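# Fold and geometry: a report
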There are 2 protein chains.
Amino acid sequence: MSLGELFDEPADTRQELMGATYRALCEHGYAELTIQRISDQFPKSKSLLYHHYDSKDELLIDFLSFVLDHLESTTPQGDDDPLEALQRLLEYLLPTEPSTEQQQFRRAIIELRAQAASNPEYQAQFTRSTNYFENRFASIIEHGSQEGVFRPVDAERLATLIVATVDGAMLREATTDPDHVQPAMSRLRAELTDYVERRLVDAEREGTE
Amino acid sequence: MSLGELFDEPADTRQELMGATYRALCEHGYAELTIQRISDQFPKSKSLLYHHYDSKDELLIDFLSFVLDHLESTTPQGDDDPLEALQRLLEYLLPTEPSTEQQQFRRAIIELRAQAASNPEYQAQFTRSTNYFENRFASIIEHGSQEGVFRPVDAERLATLIVATVDGAMLREATTDPDHVQPAMSRLRAELTDYVERRLVDAEREGTE
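Residues numbered from 1 in each chain as written. Chains lettered and ligands numbered in written order. Predicted model: local features only at pLDDT ≥ 70, side-chain atom pairs only at ≥ 80, totals over all residues. Heavy atoms only, no water.

Helices and strands together make up the secondary structure of chain A, namely 10 helices and zero strands. Listed N to C, the secondary structure of chain A is α-α-α-α-α-α-α-α-α-α in terms of helices and strands. Summarising its shape, the C-alpha atoms of chain A cover approximately 65 × 35 × 35 Å along the three principal directions. Across the 209 residues that make up chain A, the buried fraction comes to 56%. Pairs at least 24 apart in sequence give 62% of the contacts found in chain A among residues at least 6 apart. Positive and negative charge centroids in chain A, built from 20 and 39 side chains respectively, lie 3 Å apart. (Helix = DSSP H or I, 4+ residues; strand = E, 2+ residues; numbered from the N terminus. Buried < 20%, exposed > 50% of the residue type's maximum accessible area, 1.4 Å probe, protein only. Contact = heavy atoms within 4.5 Å. Lys, Arg positive; Asp, Glu negative; His and termini not counted. Charge placed at Lys NZ, Arg CZ, Asp CG, Glu CD.)

Our next topic: the environment of Leu3 of chain B. All names here are of chain B. Mapped onto the secondary structure, Leu3 falls in helix α1 (residues 3–8). Counting along the chain gives 33 residues from Leu3 to Gln36, while the straight-line C-alpha distance between them is 22 Å. Dropping the residues within four chain positions of it, Leu3 is found in contact with Tyr22, Val67, His70 and Phe105.

On to the packing of helix α5 (residues 56–74) of chain A against helix α8 (residues 120–146) of chain A, then. All names here are of chain A. Packing of α5 against α8 leaves a shortest axis separation of 9 Å and a crossing angle of 10°. Taken as axis vectors, α5 and α8 run roughly parallel relative to one another. Between α5 and α8, the residues in contact are Asp57, Leu60, Ile61, Leu64, Ser65, Leu68, Asp69, Leu71 and Glu72 and Glu121, Tyr122, Gln125, Phe126, Arg128, Ser129, Tyr132 and Phe133, respectively. (Axes fitted to C-alpha atoms, helices over the stretch in contact; angles between N-to-C directions. Parallel < 35°, antiparallel > 145°, perpendicular 65-115°, else oblique.)

At an RMSD of 0.0 Å, chain B and chain A line up after a rotation of 180° and a shift of 0.0 Å along the axis. What the rotation and shift describe, once combined, is the action of a two-fold rotation axis. Of all interface residues in chain B, 100% are interface residues in chain A too; the two copies therefore contact each other through one and the same surface. (Least-squares fit on C-alpha atoms with pLDDT ≥ 70 in both.)

Attention now goes to helix α7 (residues 100–115) of chain B. Between its first and last C-alpha, α7 of chain B extends 23 Å over 16 residues, near the 22 Å set by a 1.5 Å rise per residue. Three or more residues of α7 of chain B are buried, namely Phe105, Arg106, Ala108, Ile109, Ile110, Glu111, Leu112, Arg113, Ala114 and Gln115 of chain B. (Expected span 1.5 Å × (residues − 1).)

We now examine the interface of chain B and chain A. Between chain B and chain A, the contact holds 49 residues from the first and 49 residues from the second. Buried surface at the junction of chain B and chain A, both sides included, amounts to about 4400 Å², of which 57% is carbon and sulfur. It is Arg157, Arg187 and Glu191 of chain B in chain B that bury the most area against chain A; as a group they hold 16% of the surface buried on that side. Where chain B touches chain A, the interface holds 12 salt bridges. Taking the shortest distance from any N to any O, the salt bridge between Arg157 of chain B and Glu191 of chain A comes out at 3.0 Å. Between chain B and chain A we count 21 residue pairs in polar contact (both at pLDDT 80 or more) in total. Elements supplying a minimum of two residues to the side of chain B that touches chain A: α7, α8 (120–146), α9 (155–175) and α10 (181–200) of chain B. With 14 residues, α9 of chain B is the single largest residue contributor to the side of chain B that touches chain A. Among the residues forming the side of chain B that touches chain A, the class breakdown is 20 nonpolar, 11 polar and 18 charged. (Buried area = accessible area lost by both parts, 1.4 Å probe. Salt bridge = Lys/Arg side-chain N within 4 Å of Asp/Glu carboxyl O. Polar contact = N/O pair within 3.5 Å; in protein donor to acceptor, adjacent residues only side chain to side chain. Nonpolar A, V, L, I, M, F, W, Y, C, P; charged D, E, K, R; others polar.)

Residues Phe105 and Leu112 of chain A together with Phe105 and Leu112 of chain B are the most contacted members of the largest nonpolar core, which totals 72 residues. Other than its neighbours up to four places away in sequence, Phe105 of chain B contacts Leu3, Tyr22, Leu25, Cys26, Phe63 and Val67 of chain B. (Core = buried A, V, L, I, M, F, W, Y, C linked by side-chain atoms within 4.5 Å.)

For the rest of this paragraph, the subject is the pattern of salt bridges. All told, the structure shown has 26 salt bridges over all chains when counted by the stated rule. Residue Arg14 of chain B pairs with Asp62 of chain B through a salt bridge whose shortest N-O separation is 2.9 Å. A residue pair is termed long-range when its members are at least 10 positions apart, and Arg14 of chain B in helix α2 (residues 13–28) and Asp62 of chain B in helix α5 (residues 56–74) qualify at 48 residues. The exposure class assigned to Arg14 of chain B is partly exposed, which follows from its relative accessible area of 35%. Beyond isolated ion pairs, a larger network of salt bridges with shared partners links Arg157 and Arg199 of chain A together with Glu191, Asp194 and Arg198 of chain B.

Parts of the prediction with low pLDDT should not have their coordinates interpreted in detail. All names here are of chain A. Taken over all residues, the pLDDT of chain A has a mean of 91, while the share at 70 or more is 95%. Here helix α4 (residues 46–52) stands out as the least confident element of chain A, with mean pLDDT 84; helix α9 (residues 155–175) is the most confident, with 97. In the model, residues 205–209 has pLDDT below 50 throughout and makes 14 contacts with residues more than four positions away in sequence or in other chains. Confidence metrics for the complex model read pTM 0.93 and ipTM 0.92. (pLDDT = per-residue confidence, 0-100.)

Time to look at helix α2 (residues 13–28) of chain A. Residue and element names in this part refer to chain A. Compared with an ideal rise of 1.5 Å per residue, which puts 16 residues at 22 Å, α2 spans 22 Å between its outermost C-alpha atoms and is within 8% of the ideal. In the core, the buried residues of α2 are packed alongside α1 (3–8), α3 (35–40), α4, α5 and α7 (100–115). Backbone nitrogen of Arg14 and a side-chain oxygen of the N-cap are separated by 3.2 Å at the start of α2; the cap is Asp12. One or two steps after α2, the chain reaches Gly29, where phi turns positive at roughly 70°.

The next point concerns the packing of aromatic side chains. All names here are of chain B. According to the stated counting rule, one finds 11 aromatic pairs over all chains in the structure shown. Here Phe7 and Tyr22 contribute two aromatic rings whose centre-to-centre distance is 5.2 Å and whose plane-to-plane angle is 45°, an arrangement assigned as tilted. Placement of the pair is Phe7 in helix α1 and Tyr22 in helix α2, with a sequence separation of 15 residues. Take Phe7: its relative accessible area is 4%, and that puts it in the buried class. On the basis of relative accessibility, which here comes to 5%, the residue Tyr22 falls in the buried class. (Phe/Tyr/Trp six-rings, centres within 6.5 Å; stacked < 30°, edge-to-face > 60°.)

Put into structure tokens, the structure is as follows:
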């Protein structure tokens, strides 16, 4: 279930509040976000919101933690074919055809991530997500190597490169001329997929174009 | 010449002003930056500064354009050995041992880059830098292929991946737990260098670890 779908049918007040934050972020981005704008998206008593959070940043850090829990619980897991598992995880993080809402949200996430340059609480959230996805990639790669499907490689090293490339792709998507983003994403996805396959399974293709 | 060195001996008032912006950014980051703090770093008449710029963002966009001019004019060029040229460009963008000042400045650049998610003038600057470095990498790769030193590859595709990986590395450096950044950067640099070499020159190493 995507975040947008989750927030369409919130199960409790916390999910309603997180949904209001999500919609306000998609609509206004971080720079223009205010507690008032979040509360405008919140169907219940505004005092509830002001009661729980002293500041926009306090609410957003709680929101990030909620989003990461959701991302972790919906990350594609346990596939018998390690190569398919890798491809599925890449598609999860860098969707081929993101919806407008996903693009808006990814832009807001980049703005939130930049807060981590000066705010340790934001930094803790993004350290957690970086480690989580790096470990996911590394464990799929290690599993494939143990099964003899993948070549033995330094799984942690390769996982670090994949996560940095995905992060760089998101940064480019959110901060450069939108008219040229999609061709760049296609090149990047093709090269990254090709790289991972060459590195892990497909020695014969080396040297051929 | 590094930016820090350039600003130590400014050649004119504009460079003095850009130096003041640089020092204020390194010290306070984007979030805490004010025109007043920039003017505190500026040795000449404050009215000059207020006269030329209406807002912090107007000054910062001019600053970004100045920094990009400088980066472009100091980017390592024209090496006879394409592989060395690639490695030198990577080291230029992802220095193995960045100084504290460089790290502070790179953090501020990430904060400025996030402004591009909502501000088209910031976006234009980062589009320009992304295109510039992608073209640099692609032209070195193409040159190497023409000389028969590199395998024929899709140079633009590989260049897009390299630039995204470098951007993702800077993002990680600036926004995750500093205690674990250096090991991650080492892994990333090793994997990226290895990848570029395997992809372009070193078929024999495939399949061996």
